[in-house]
Amino acid sequence: MKTTRLEAFSDGVIAIIITIMVLELRAPHDTHLASLWPLAPVAISYVLSFVYLGIYWNNHHHMLHVTQRIGGGVLWANLHLLFWLSLVPFVTAWMGENHFAPVPTAAYGVVLLLAAMAYTVLQQTIIAIEGRDSRLAAAVGRDRKGKLSLVFYIIGIPTALVAPWMACALYAAVAIIWLVPDRRIERVVSDTP
């Protein structure tokens, strides 16, 4: 099977997730600039989640760009990823509206961890179909960024229970790691005749 329907479906779901997230933002009923200050935690959590969803969308696009064929396992692995991403609006709102309280901040980290694990499963499922000599396998290599991300989430979740802002710093660090352009797939594409 080709990847076009999978890409289109995933793009649509991620767009809906972002839309749901922005619809959760509530404008203050006051017209004073100071009325925005209490909304800062909500805005911060929204920005972090928007960046995360953008990173997933971008990396998903790149991954499927070098994928030649998919099967049923890839379809299910992709749905698994989309399931965890669909929970991002819920934990974003819960964390932001509760001013980064310990349990919502830990739950946010759990969803990020499970989404990262689901992305890894999707990646490995595609590599299993296409082979260890595939362009995706060559691009991923040892996947240091992916493994480092998992470590940061695993540290961040229990940290959230005692120091939520420290956990948020770890979550933001993962986003920053992935914001730096990842040229692995682009290098493989440009090296392929």
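Along each chain, residue indices are assigned from 1 in the same order as the chain's sequence is written. Since the coordinates come from a predicted model, pLDDT governs what is reported: local features require at least 70, and pairs of side-chain atoms require 80 or more to be given and counted, while whole-chain, interface and lining totals use all residues. Values shown for side chains rest on all heavy atoms present in the structure; no hydrogens or waters enter the calculation.

Mind laying out the overall build of the protein chain, listing which residues take part and the relevant values?
Where helices and strands are cited, they refer to DSSP runs of H or I of at least four residues and of E of at least two residues respectively, numbered from the N terminus. Counting secondary structure elements, the protein chain contains nine helices and zero strands. The secondary structure elements of the protein chain, listed N-terminal to C-terminal, are α-α-α-α-α-α-α-α-α. When we talk radius of gyration, it's over C-alpha atoms, and the globule rule is simply 2.2 Å times the number of residues to the 0.38. Relative to the compact-globule value of 16 Å for 193 residues, the protein chain shows a C-alpha radius of gyration of 18 Å, a close match. For the protein chain, the C-alpha atoms occupy an extent of roughly 60 × 30 × 30 Å along the three principal directions. Contact definition: two residues touch when any of their heavy atoms are within 4.5 Å. Relative to all contacts within the protein chain whose residues are 6 or more apart in sequence, the contacts with residues 24 or more apart total 81%. Using a 1.4 Å probe, the Shrake-Rupley method yields the accessible areas, and only the shown protein chains count as cover for residues. On the protein chain, roughly 10400 Å² of surface is accessible, and the fraction owed to carbon and sulfur atoms is 71%. Distance from the positive charge centre (13 side chains) to the negative charge centre (11 side chains) of the protein chain: 9 Å. Positive charge is attributed to Lys and Arg, negative charge to Asp and Glu, and no charge count is given to His or to the chain ends. The atom standing in for a charge is NZ when the residue is Lys, CZ when it is Arg, CG when it is Asp and CD when it is Glu.

Go over the packing of helix H5 (residues 102-130) against helix H8 (residues 164-179) with me, naming the residues and quoting the values.
For any two helices packed against each other, the geometry is given by the interaxial angle and the distance between the axes. Where H5 meets H8, the closest approach of the two axes is 9 Å, and the angle between their N-to-C directions is 20°. One finds that H5 runs roughly parallel with respect to H8. Note that H5 runs across H8; the crossing there is left-handed. For the pair H5 and H8, the contacting residues are Pro102, Thr105, Ala106, Tyr108, Gly109 and Leu112 in the first and Pro164, Ala167, Cys168 and Tyr171 in the second. Residue classes follow a fixed rule: Ala, Val, Leu, Ile, Met, Phe, Trp, Tyr, Cys and Pro count as nonpolar, while Asp, Glu, Lys and Arg count as charged, and any other residue, Gly among them, counts as polar. A class-by-class count of the residues in the contact of H5 with H8 yields eight nonpolar, two polar and no charged. Interaxial angles span 0 to 180 degrees and are taken between N-to-C directions of axes, which are lines fitted to C-alpha atoms, for helices over the stretch in contact. Angular relationships are summarised with four words: roughly parallel below 35 degrees, roughly antiparallel beyond 145, roughly perpendicular across 65 to 115, and oblique for the angles in between. Helix crossings get a hand from a simple test, with the near helix turned counterclockwise from the far one by less than a right angle marking a left-handed crossing and a clockwise turn marking a right-handed one.

Residues and numbers for helix H3 (residues 72-86), please.
For H3, which comprises 15 residues, the first-to-last C-alpha distance of 21 Å matches the rise-based estimate of 21 Å (1.5 Å per residue) to within 8%. In this scheme, a residue with accessible area under 20% of its type's maximum is buried, one over 50% is exposed, and one in between is partly exposed, where area comes from a 1.4 Å probe on protein chains only. For H3, the complete set of buried residues consists of Val74, Ala77, Asn78, Leu81, Leu82, Trp84 and Leu85. With its buried residues spanning 160° around the axis, H3 presents them on a single face. Contact partners of the buried residues in H3: helix H1 (4-23), helix H2 (40-65), helix H4 (88-97) and H5. The length a helix should cover is 1.5 Å for every residue beyond the first. Think of it as the arc spanned by the lines of direction from the helix axis to the C-beta atoms.

Provide a residue-level description of the side chain of threonine 3, including the pertinent values.
Within the secondary structure layout, threonine 3 lies in the segment before H1. The buried category is assigned to threonine 3, whose relative accessible area is 8%. Setting aside anything within four residues of it in sequence, one finds threonine 3 in contact with Leu64, Thr67 and Ile70.

Give me the lowdown on helix H7 (residues 144-162), citing residues and values where you can.
Helix length check: H7 (19 residues) gives 28 Å between terminal C-alpha atoms against 27 Å at 1.5 Å per residue, within 8%. The bend at a residue is defined as the angle formed between two axes, one fitted to the seven residues ending at that residue and one fitted to the seven starting there. Where H7 bends most, the angle comes to about 30°, and this point is glycine 156, followed within four residues by the proline proline 158. Among the residues making up H7, those that are buried are Lys145, Gly146, Ser149, Tyr153, Gly156, Ile157, Thr159 and Ala160. In this structure, the buried residues of H7 make contact with H2, H5 and H8.

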